[in-house]
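Next come the chains, spelled out residue by residue.
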Amino acid sequence: MRRQYILFLLVFLAITHYNARSQGLKFKGNSYLIQERTSYNVFNNSSPVFKDFLTIDFDILCDTLPQVGYLFRIKTQNPDLTFNLAYDSQGNNIAYHLNLEGKSRLITMSIPKKDYTFSQWSKLQLHLDLINGLISFSIGDHSQTEKLNFPKYLETKVLFGCSDYFIDIPSFSIRNLKISGKNMAFEYPLSEHTGSVVYPSKGDINGHINNPIWLINDAYYWKYTGQQMSKKVAGFNFNQDKQEIYYFNQDSLILYNMVNGKISTIKYKNECPIDFRLGDNFLNPSNNSMIVYETYKTLSKDVMMAEYNFDNKTWSVLSKDKLPTERHHHGRFFDQKNNRFIIFGGFGNLLYTNDFYSFDLNTKTWSKLNFKGDIIHPRYFLSMGYLEKTNSLYIFGGMGNESGEYNVGRKYFYDLYKVDLNNYTIKKLWEIDWKKEDMVPIKSMIINEEKQSFITFCYPEHYSNTFLKLYEFSLENGHYSKLGDSIPIRSEKIGTNAQLFLDKKFSKLYAVVQEFDNDDIGSKFKLYTLSYPPVSFDSLQMTPPSGKSGRTLIYIIPVFILIVILTSIIYWRFRRRQDSSDLHALSTSDENQSLPEQEIKKTPNTIFLFGKFSVINRSGKEIEYMLSARLKHAFLLILQHSANGGITSKDLTDTLWDDRNNKKAKNIRGVTINGLRKVLEELDGISLIYEKSTYRIEISSKCYCDYLSFLTIINAKQNQDNSVEFIRILSNGEFLKNNDEPLFDTWKALVEDKLESELKQSLRNCYERKNYQTVSVLSKIILDISPLSDFALSYYIRSSIKLNKENLAEERYQKFTNTYKQMMGEDYKTPYEKFIR
């Protein structure tokens, strides 16, 4: 138990570290309707009194489009002493105007646009020295101070965005908001992901916001930016220096400017001298050029490498030298310092390879590199990255075998090698005992030197329609975690390609997916963006509950997870010692006893809706990735209504595709149902039935679904055997935890209501039987579901006193009253003594 607790704390610290770097709040500005613009009242209904000084500082990020409006206002006890900060980027300069509202302009900070970096965070600070009568304003490296008479204290309201009749606001983002005086300080990390309540990390006053855009979502949800198509073989790359993504074929080059969003097409001034088979390429910053290469043979021309110069828009022949075989999905690195290009591995001519080859840009020839040390088995579909500090390449994963012969069969590798370019040695760092669905990584990896880790996409390439999933791996030991949501990819052709690029300047990740047509020539290019560093789903959820609903089944809070683990241990212990039919008749148990292993998670033909959505087929493999968002929504909607006979085809269509015309909606529905049936065929004991224009899902005893088991237990007043099953279900996590679709909100609320009702009844029964330890645990669970339940608070206080733990009772009461004031805006009226009586 102690070991599990320590491990959880390490995970929690990692999660909060990500949160701290990916937080922020974006304001909807003048491009939105007035009622849709963002307003943020930092102190909500309170007006803190600051003495001696008042300092407001935060990071700010402004959009690139010319705009004008107010950023924030400060109201004080004196209506004549109200301040506002206006922003104007319409001219050649970026102007910040600090005003004494309705009276005069105090400070104007004007910065030439050529010296102002958009899309990068800047530090902004306003400091009011109440003692010496000074007001100072700074943005980045620019600052200015003026004199102004102040009272000795300020009773303050701070308002960002729209307020009162101030409705003209620019589009901007802030993070790390801090407001302080001599006597008090407030810190708002702005790390929420949803809702209208803003929680401080320091201080005890919540803020309120309307129409927010929470930036942490941009670090989890990939943003689809657009696509292009080419009828000819095409390639792509990213230029870090210019923030440009290139998509090109033999005729032209399409340029995406990732700063201003502009797209332009460039026609070459001369004919491209190389026939593309794969479109592999690398950039040479020293020449401002792009080099396109083929390793084995081209379609007709004998040119194997050609260089495109971005300055004069012309091509030139670089080399006709080629390698012994093709190198599909090889690793690659351009060694700019030594003016050479290095590749490793790949597949071609029915052979997997583990050779290193280097192309010398001076001699224009390929040569084989020889290394000492550990041997990397032949493979392709590998990921390769470079760390400048150690001058080393890192090679991860892939697919191949020891012999290199295709006919021997293939295996998936989950290992990492360090290739030292100083002494030409190879060292195996680790190998993972991978228990999940077999996957391969993409060619590129991004190494984080500070964290000693790398990120890359992985995906099961053996499925036609699958998903790219972003993983982070430790360089030291291979510990890994999944970050961000998934990106769909059609992995039908060997030419299918995906790359991951890091824009260090603007802290962005760019994902490019290239899918080839059936002729292996035409391809589709898709572009996605994500804020860096990316966050996990748990990190996204590690914020206080919003005001939308006071009931959330199980939030990812360390205390609650520990309670669930402890509860499961107690249940398991009691089931072995006690012959009782009461679900919650728990007793004090040894906390060091390990949690019972949940074998059901490994059982074939199982579906889990509590916690992480999971579908395990008859072979015991996780196949959730086979359910696209459309298929998953259809499955859940049909399952939800199956208990009441099913859902009509019309209701299904109106719910999921009401924005489509009848013909299109019918076609989409048909494709969706066929796709869903194909996925469900992977399991035994489950069927999708269509009768009398109604869809329903039938599940027999051969297939397990935790939601149906939950309903059976709740409705049938469970027996002893079901009590353990009930706890297993709850310990997995929140119902539909990873699904934030509004169309399932009612369903989730109904499940939560049933659970809360059952827990309350069990609480009464346990108290009557004098099982006070159990009462304490159960009341905590109810308070996590319903934070303002004085029913649960009453039982917790009384049971704690019975257990001679009055200090815990007092602490819980204090926590309850603080929460009540934050959520209700008023003091809790019932005194502690009344609960004791």
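About the cut-offs
Residues numbered from 1 in each chain as written. Predicted model: local features only at pLDDT ≥ 70, side-chain atom pairs only at ≥ 80, totals over all residues. Heavy atoms only, no water. Helix = DSSP H or I, 4+ residues; strand = E, 2+ residues; numbered from the N terminus. Contact = heavy atoms within 4.5 Å. Axes fitted to C-alpha atoms, helices over the stretch in contact; angles between N-to-C directions. Parallel < 35°, antiparallel > 145°, perpendicular 65-115°, else oblique. Left-handed = near helix turned anticlockwise from the far one by under 90°. Nonpolar A, V, L, I, M, F, W, Y, C, P; charged D, E, K, R; others polar. Phe/Tyr/Trp six-rings, centres within 6.5 Å; stacked < 30°, edge-to-face > 60°. Buried < 20%, exposed > 50% of the residue type's maximum accessible area, 1.4 Å probe, protein only. Pairing = 2+ DSSP bridges. Core = buried A, V, L, I, M, F, W, Y, C linked by side-chain atoms within 4.5 Å. Salt bridge = Lys/Arg side-chain N within 4 Å of Asp/Glu carboxyl O. Polar contact = N/O pair within 3.5 Å; in protein donor to acceptor, adjacent residues only side chain to side chain. Expected span 1.5 Å × (residues − 1). Arc of directions from axis to C-beta. pLDDT = per-residue confidence, 0-100.

**Notes on the overall build of the chain**
At step 1: A count of helices and strands for the chain gives 13 helices and 51 strands.
At step 2: Long-range contacts, defined as pairs at least 24 residues apart, comprise 58% of the intrachain contacts of the chain with a sequence gap of at least 6.

**A few points about the packing of helix 9 (residues 745-768) against helix 11 (residues 790-802)**
Between two packed helices, the angle of one axis relative to the other and the distance separating the axes together describe the packing.
At step 1: Following both chains from N to C, one finds helix 9 and helix 11 inclined at 25 degrees, their axes separated by 11 Å at the closest point. One element, helix 9, and the other, helix 11, form an angle in the roughly parallel class. Crossing geometry of helix 9 relative to helix 11 is assigned as left-handed. Each of Lys-760, Leu-763, Arg-764 and Tyr-767 in helix 9 lies in contact with helix 11, whose residues at this interface are Phe-791, Ala-792, Tyr-795, Arg-798, Ser-799 and Lys-802.
At step 2: Split by residue class, the contact of helix 9 with helix 11 holds five nonpolar, one polar and four charged.

**With respect to the packing of aromatic side chains**
At step 1: Applying the stated criterion across every chain yields a total of 75 aromatic pairs.
At step 2: Relative to Phe-635, the ring of Phe-613 has its centre 6.3 Å away and its plane inclined at 65 degrees; by these criteria the two rings are edge-to-face. Separated by 22 residues along the polypeptide, Phe-613 in the loop between strand 46 (606-608) and strand 47 (614-616) and Phe-635 in helix 4 (residues 629-642) bring together distant segments of the chain.
At step 3: Here Tyr-813 and Phe-835 contribute two aromatic rings whose centre-to-centre distance is 6.1 Å and whose plane-to-plane angle is 65 degrees, an arrangement assigned as edge-to-face. Residue Tyr-813 is found in helix 12 (residues 806-824), and its partner Phe-835 is found in helix 13 (residues 832-836); the two are separated by 22 residues along the sequence.

**Some remarks on the pairing of strand 34 (residues 383-387)**
At step 1: The element strand 34 is extensively covered by neighbouring structure, given that four of its five residues are classed as buried.
At step 2: Two strands pair when backbone bridges link them, and strand 34 and strand 35 (residues 392-400) are joined in this way by five bridges, in the antiparallel orientation. The residue of strand 35 that forms the bridge with Leu-387 is Ser-392.
At step 3: Here strand 34 folds back onto strand 35 in antiparallel fashion, the turn holding four residues, of which Asn-391 has a positive phi close to 50 degrees.

**Side note on the nonpolar core**
At step 1: Residues Ile-607, Leu-609, Phe-635, Ile-638, Leu-652 and Trp-747 are the most contacted members of the largest nonpolar core, which totals 69 residues.
At step 2: When near neighbours in sequence (up to four residues on either side) are disregarded, Trp-747 contacts Leu-609, Leu-636, Gln-640, Tyr-707, Phe-735 and Leu-736.
At step 3: If you look at the next biggest cluster of nonpolar residues, it comprises 50 residues, including Ile-60, Ile-135, Leu-154 and Phe-186.

**Here's the deal with the pattern of salt bridges**
At step 1: Applying the stated criterion across every chain, the model contains 26 salt bridges.
At step 2: Across the pair Lys-389 and Glu-449 runs a salt bridge, and its minimum N-O distance is 3.8 Å. Here the residue Lys-389 occupies a position in the loop between strand 34 and strand 35, and Glu-449 occupies one in the loop between strand 39 (446-448) and strand 40 (453-459), the gap between them amounting to 60 residues.
At step 3: You can call Lys-389 exposed: its relative accessible area is 65%.

**Here we look at the sheet that holds strand 19 (residues 223-230)**
At step 1: Ordered by their spatial adjacency, four strands build an open sheet running 19-45-44-43, and the pairing between neighbours is antiparallel. For this open sheet the edge positions go to strand 19 and strand 43 (497-503), each flanked by a neighbour on one side alone. Strand-to-strand twist across the sheet, computed as the mean angle between neighbouring axes with direction ignored, equals 15 degrees.
At step 2: Bridging between strand 44 (residues 508-516) and strand 45 (residues 523-531) involves nine bridges; their strand directions are antiparallel.

**Side note on the environment of Tyr-224**
At step 1: In this fold, Tyr-224 is placed in strand 19.
At step 2: Sequence separation between Tyr-224 and Lys-526 is 302 residues; the distance between their C-alpha atoms is 7.8 Å.
At step 3: When near neighbours in sequence (up to four residues on either side) are disregarded, Tyr-224 contacts Lys-526, Leu-527 and Tyr-528.
At step 4: Separated by 3.1 Å, the side chains of Tyr-224 and Gln-227 make a polar contact.

**Topic: the packing of helix 4 against helix 5 (residues 649-656)**
At step 1: Contact geometry for helix 4 and helix 5: axes closest at 11 Å, N-to-C directions at 135 degrees. With respect to their mutual orientation, helix 4 and helix 5 come out oblique. Helix 4 and helix 5 meet at a crossing whose hand is right-handed. Packed against helix 4, whose contacting residues are His-633, Ala-634, Leu-637 and Ile-638, the element helix 5 presents Leu-652, Thr-655 and Leu-656 at the interface.
At step 2: Looking at the contact of helix 4 with helix 5, its residues break down into five nonpolar, two polar and no charged.

**Re helix 11**
At step 1: Helix length check: helix 11, at 13 residues, gives a terminal C-alpha distance of 18 Å against a target of 18 Å (1.5 Å per residue), a fit within 8%.
At step 2: Taken together, the buried positions of helix 11 are Ala-792, Leu-793, Ser-794, Tyr-795, Tyr-796, Ile-797, Ser-799 and Ser-800.
At step 3: Residue Asn-804 follows helix 11 closely and has a positive phi angle near 60 degrees.

**Things to note about the sheet that holds strand 24 (residues 281-284)**
At step 1: An order of 24-25-26-27 is seen for the four strands of this open sheet, with the pairing classed as antiparallel. Only two strands of the sheet have a single neighbouring strand rather than two, namely strand 24 and strand 27 (314-319). Ignoring which end each strand starts from, the neighbouring axes of this sheet average 25 degrees apart.

**Section: unusual backbone geometry**
At step 1: Backbone torsion omega between Tyr-532 and Pro-533 reads 5 degrees, so that peptide bond is classified as cis.
At step 2: Within the secondary structure, Pro-533 is located in the loop between strand 45 and helix 2 (537-541).
At step 3: In this structure, Asp-164 is a non-glycine residue whose phi angle is positive, near 55 degrees.
At step 4: By the secondary structure assignment, Asp-164 is in the loop between strand 13 (157-161) and strand 14 (172-180).
At step 5: Taking relative accessible area as the criterion, Asp-164 reaches 52% and is therefore assigned exposed.

**A word on helix 5**
At step 1: Considered for burial, the residues of helix 5 that qualify are Ser-649, Leu-652, Thr-653 and Leu-656. Each buried residue of helix 5 lies within a common arc of 95 degrees when the element is viewed along its axis, so the set occupies one face.
At step 2: Against the buried residues of helix 5 lie helix 4, strand 48 (647-648), helix 6 (662-680), strand 49 (686-691) and strand 50 (694-699).

**Observations regarding the confidence of the model for the chain**
At step 1: Of the residues in the chain, 87% reach a pLDDT of 70 or more, and the chain-wide mean stands at 84.
At step 2: The low-confidence segment residues 1-20, where pLDDT is below 50, has 26 contacts with residues more than four positions distant or belonging to other chains.

**Description of the pairing of strand 7 (residues 93-100)**
At step 1: Counting buried positions along strand 7 yields seven of eight residues, so the element is predominantly enclosed.
At step 2: Note: strand 6 (residues 83-88) against strand 7, six bridges, orientation antiparallel. What sits directly across from Asp-88, in strand 7, is Ala-95.
At step 3: The turn linking strand 6 back onto strand 7 is made up of four residues.
At step 4: Of the strand pairs in this sheet, strand 7 and strand 8 (residues 104-112) are connected by eight bridges, and their pairing is antiparallel. In the strand pairing of strand 8, Tyr-96 is matched with Met-109.

**Some remarks on the environment of Cys-162**
At step 1: By the element assignment, Cys-162 lies in the loop between strand 13 and strand 14.
At step 2: Separated by 128 residues in sequence, Cys-162 and Ile-34 have C-alpha atoms that sit 8.7 Å apart.
At step 3: Leaving out residues up to four positions away in the same chain, Cys-162 has contacts with Arg-37, Thr-38, Ser-39, Ile-167 and Ile-169.

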